[in-house]
Amino acid sequence: MTDVTVPFRAGQEGYASFRIPAVVATRSGTLLAFCEGRVTSAADNGHIDIVQKRSTDGGRTWGPLQVAASNGTDLAGNPAPVVLDTGRILLVHVRAAASATEAAILRGQVKDADGRRVWVQHSDDDGVTWSAPKEITAQVKKPGWRWYATTPGHALQLTSGRVLVPANHTVPPTGTDTGAEARYNSGHCLLSDDHGETWYLGYVDENTDGYVNVNETTAAELPDGRVYLNTRNDSPSPGNRADAHSADGGKTLVKPFRPQAGLTAPVCEAAVLQLRDPDVLLFSAPADPAARALLTIRASHDGGTTWRPVFTVDGLPAAYSDLVRVDPHTLGLLYETGDFGAYETITFRRVPVHRLT
C-alpha cells in the first residue's frame, strides 16, 4: 500500500512551481487534487493556471496533469473546490492580470479590471472536463476592496444545501497608510443557496485596530449545525491563529474572530475538516511557531474550543495543506513540503483515521 505519493513536483510538467493545494472527494470516490501551476517562477503573480490530478484508488496513484482553469497567460488561482449533493463539482477561484502584484493591489495601484476578480466553473463528470468560467465579482466583492482571495483549500456545502466559500480581502487605508499594513486584512465568505447559480456575501469581519486581522480562512460544519471558521492572523499580536463560529450558515458571526491560543503555528494557511464517524474536528498546519515546518494534525472534540496534537507528519519544512475524507478508514492530507524547502513538492499522505482519535 502506498501511503505517500507526490502528485506535483516543482520544475516538472511545464511548471516552475506548484503552490496552494486543495483536495476533494467526489461522490463516486474519485480524489481531485488541485493547486496553482506557476509557469515561470514561484511568485504569487504571473502566468498561473489552476491544475489538477485525479486519483481513482484513494490517492495511491494519480492520473496525468490537467488544466482545470486557465486565464491565458494571466493568473487563475486560489482554487476553492466543493462537491455538491447533486454530484456537480464547483471550482470557485480568482483571476487577475499577470502583472498585478500583491503589493501594487494593496496600495491601490491596479485598475479594477486587472485586479483580483472572482469566477466559478463546474464539472459534471468527476473533474474530467470543466465548464466555461462565469464571473461573479459583482455579487461578492464590494467596491473599494483591494486584495481578494478565496479560501485556500476546499469549500463546503452545508447540510441545508447552502454552499459556503471562506474568503479574505483588504479594505482601503486611512490617514497616511498605504494599504499594505496588516491591519487592513479582513475576512468574509461567499454564499449560494441555489447550487452555485447565484452568490451573495455572508459575514464580513473588518477590524483595523491591529489586534486580529483575518486572512486566509478555512471552515467546517459542526455536528450541531454551527459553522466553525479558523483563520490566519496577520497582525503582530496576539498569536497567529484566530477562530469564530456562525449559527446561521455563514450569514453572520456569533462573535468576531478571536485569538485561538491553543493552536501554535507560524503565519501560514491551515485547513479544518469535520469527521462525522468518529465525531472529531481536525486541523492541519505547521506546528513550529516561527517557521513553516513540522506539519501536524490536531483534533478538537468540543467544536474548536480546545485542541490537542494527534499526528505529526515529520520535522521537514511544510506550509499550506488541505484535508479530505478518503474512505471510512482513511484521511487524506495534501500539503506543501520538501527536504530543504516547503515548496519543492505538493505531497499526498494517507493517514489511518484510528491514528487521529
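Residues numbered from 1 in each chain as written. Predicted model: local features only at pLDDT ≥ 70, side-chain atom pairs only at ≥ 80, totals over all residues. Heavy atoms only, no water.

Peer 1: Is there a simple way to explain the side chain of Thr-296 in this structure?
Peer 2: In this structure, Thr-296 sits in strand E21 (residues 295-300). For Thr-296, a relative accessible area of 3% corresponds to the buried category. Within the local environment of Thr-296, its side chain forms a polar contact with the backbone oxygen of Leu-294, the two atoms lying 3.0 Å apart. (Helix = DSSP H or I, 4+ residues; strand = E, 2+ residues; numbered from the N terminus. Buried < 20%, exposed > 50% of the residue type's maximum accessible area, 1.4 Å probe, protein only. Polar contact = N/O pair within 3.5 Å; in protein donor to acceptor, adjacent residues only side chain to side chain.)

Peer 1: Explain unusual backbone geometry to me, please; I cannot follow it from the model alone.
Peer 2: Glycine aside, residues mostly have negative phi angles, and peptide bonds mostly take the trans form. Thr-151 connects to Pro-152 through a cis peptide bond whose omega is 10 degrees. Tracing the backbone shows Pro-152 in the loop between strand E10 (148-150) and strand E11 (156-157). With an omega of 5 degrees, the peptide bond between Asp-277 and Pro-278 qualifies as cis. Relative to the elements of secondary structure, Pro-278 occurs in the loop between strand E19 (271-276) and strand E20 (279-286). Of note, Ile-20 is a non-glycine position whose phi angle comes to about 65 degrees, a positive value. Among the structural elements, Ile-20 can be located in strand E2 (residues 17-25). Backbone geometry places Thr-151, a non-glycine residue, at a positive phi of 45 degrees. Residue placement: Thr-151 occurs in the loop between E10 and E11.

Peer 1: Teacher, can you tell me more about the pairing of strand E13 (residues 185-192) here?
Peer 2: Along any regular strand the residues' side chains alternate between the sheet's two faces. Most of E13 is tucked away: eight of the eight residues are buried. Side chains of E13 alternate between two faces, with Asn-185, Gly-187, Cys-189 and Leu-191 and Ser-186, His-188, Leu-190 and Ser-192 buried alike. In this sheet, E13 lies alongside strand E12 (residues 163-170) in antiparallel orientation, the contact comprising eight bridges. Across the sheet, residue Ala-167 finds its bridge partner in E13, namely His-188. In this sheet, strand E14 (residues 200-205) lies alongside E13 in antiparallel orientation, the contact comprising four bridges. Note on E14: the bridge partner recorded for Leu-190 is Leu-201. (Pairing = 2+ DSSP bridges.)

Peer 1: Whenever I open this one, the pairing of strand E7 (residues 89-96) confuses me. Can you help?
Peer 2: Burial runs high along E7: eight of the eight residues are buried. Here E7 shows two buried faces, one formed by Ile-89, Leu-91, His-93 and Arg-95 and the other by Leu-90, Val-92, Val-94 and Ala-96. With seven bridges joining them, strand E6 (residues 75-83) and E7 adopt antiparallel strand pairing. Looking at the pairing, Gly-77 lines up with Val-94 of E7. Between the end of E6 and the start of E7, which pair antiparallel, lie five residues, with Gly-87 showing a positive phi angle near 95 degrees. The sheet contact formed by E7 and strand E8 (residues 117-123) spans seven bridges and is antiparallel. Each residue of the ladder has a partner; that of Val-94, found in E8, is Val-118.

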